[in-house]
Amino acid sequence: HFLYNTLDTIRMSAVMNNDCETANMVLGLSDFFRKSVTHAKVILLEEEFSQAESYISLLKLRYSGLHTNINLAEELRYEEIPGFVLQPLIENAFLHGLKSKKCAGTIWVTAEEMSETQYVIIVRDDGIGASPEVMRRLNQEVSCRYGQRDDSVSHIGLGSVSWRLNNFFGERCHMEVDSQESCGFCVKITISDL
């Protein structure tokens, strides 16, 4: 509560000084922290998307050239997922894809049904992409299966997300990455019902 109260005091000070930009940044940070601290290990997909939107709003306050397109299919709102799957993927898209392009570009975050028993979550960007060698290595790193964790993984965000998804969904989940140099990067998570 101390952190939230302090952030609210700073926000109110900014409002009283007619500094709307600072007030909005503090409000966004407070919202992000509140959702981060209260996250259970398993949450609803709509809560995960809400957390992702809070994170993106903070990025957009600093980087005006960042654009996003977020779409969660209505029928998937109540699907359960481990918390903090999207935020590391969005952060990777921004840091590794768009930052080298002067922090300008678009990140798409979508979840949609593929069939009655399968849905897909996609995080992609129109950034700098990656070489075939990097893609081969990344796909090896995200292919860990239930109960396994490879401590030699060099891409901590991707490896951690893959490990948590596989430990929650088991064989029902498949994660893969795709890219072409100068054409962006895509992380695709396919989840099936048994």
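Residues numbered from 1 in each chain as written. Predicted model: local features only at pLDDT ≥ 70, side-chain atom pairs only at ≥ 80, totals over all residues. Heavy atoms only, no water.

Attention shifts here to empty space enclosed by the protein. Scanning the model with the defined rule gives 1 cavity of 30 Å³ or more in all. In this model, the largest cavity occupies a volume close to 40 Å³. Around the largest cavity, the lining residues are Leu89, Asn92, Ala93, Val123, Asp125, Phe185 and Val187. Its residues placed into classes, the lining of the largest cavity shows 5 nonpolar, 1 polar and 1 charged. (1 Å grid on protein atoms, 1.4 Å probe; cavity = no way out; pocket = protein on both sides within 12 Å on 5 of 7 lines; lining within 4 Å. Points joined across faces, edges and corners; volume = space filled by probe spheres on them. Nonpolar A, V, L, I, M, F, W, Y, C, P; charged D, E, K, R; others polar.)

Another point: the side chain of Glu48. Note that Glu48 resides in helix α3 (residues 45-62). Notably, Glu48 is buried but unbridged: the nearest opposite-charge side chain belongs to Arg164, and the N-O separation is 6.7 Å. Separated by 2.7 Å, the side chain of Glu48 and the backbone nitrogen of Leu86 make a polar contact. (Helix = DSSP H or I, 4+ residues; strand = E, 2+ residues; numbered from the N terminus. Buried < 20%, exposed > 50% of the residue type's maximum accessible area, 1.4 Å probe, protein only. Lys, Arg positive; Asp, Glu negative; His and termini not counted. Salt bridge = Lys/Arg side-chain N within 4 Å of Asp/Glu carboxyl O. Polar contact = N/O pair within 3.5 Å; in protein donor to acceptor, adjacent residues only side chain to side chain.)

This brings us to the packing of aromatic side chains. Applying the stated rule across the entire model yields 2 aromatic pairs. On the basis of an interplanar angle of 45° and a centroid distance of 4.7 Å, the ring pair of Tyr63 and Phe94 is categorised as tilted. Taken together, the positions of Tyr63 in the loop between α3 and β2 (66-72) and Phe94 in helix α4 (residues 86-98) put the pair 31 residues apart, joining distant regions of the chain. Assigned by exposure class, Tyr63 and Phe94 land together as buried. Their ring planes at 85° and their centres at 4.7 Å tell us that Phe168 and Phe169 sit as a pair that is edge-to-face. (Phe/Tyr/Trp six-rings, centres within 6.5 Å; stacked < 30°, edge-to-face > 60°.)

What follows concerns the sheet that holds strand β6 (residues 173-179). With mixed pairing, 5 strands are arranged side by side in an open sheet as β2-β4-β5-β7-β6. The outermost strands of the open sheet, each flanked by one partner alone, are β2 and β6. If you compare each strand with its neighbour and ignore which way they point, the axes differ by 10° on average. Taken together, the 7 bridges between β2 and strand β4 (residues 105-115) define a ladder with parallel strand orientation. Pairing of Asn71 across the sheet is with Thr110, part of β4. Relative to β4, α4 is tilted by about 140°, and along the sheet it contacts β2, β4, β5 (118-125), β6 and β7 (185-192). (Pairing = 2+ DSSP bridges. Axes fitted to C-alpha atoms, helices over the stretch in contact; angles between N-to-C directions. Contact = heavy atoms within 4.5 Å.)

Moving on, we come to the pairing of β5. The buried fraction of β5 is high, at 6 of 8 residues. In the sheet, β4 pairs with β5 via 8 bridges, with the strands oriented antiparallel. Counterpart to Trp108 in the pairing with β5 is Arg124. Between β4 and β5, which pair antiparallel and follow one another directly, the connecting turn spans 2 residues. Alignment of β5 against β7, held across 8 bridges, turns out to be antiparallel. Bridge pairing in β7 places Gln118 opposite Ser192.

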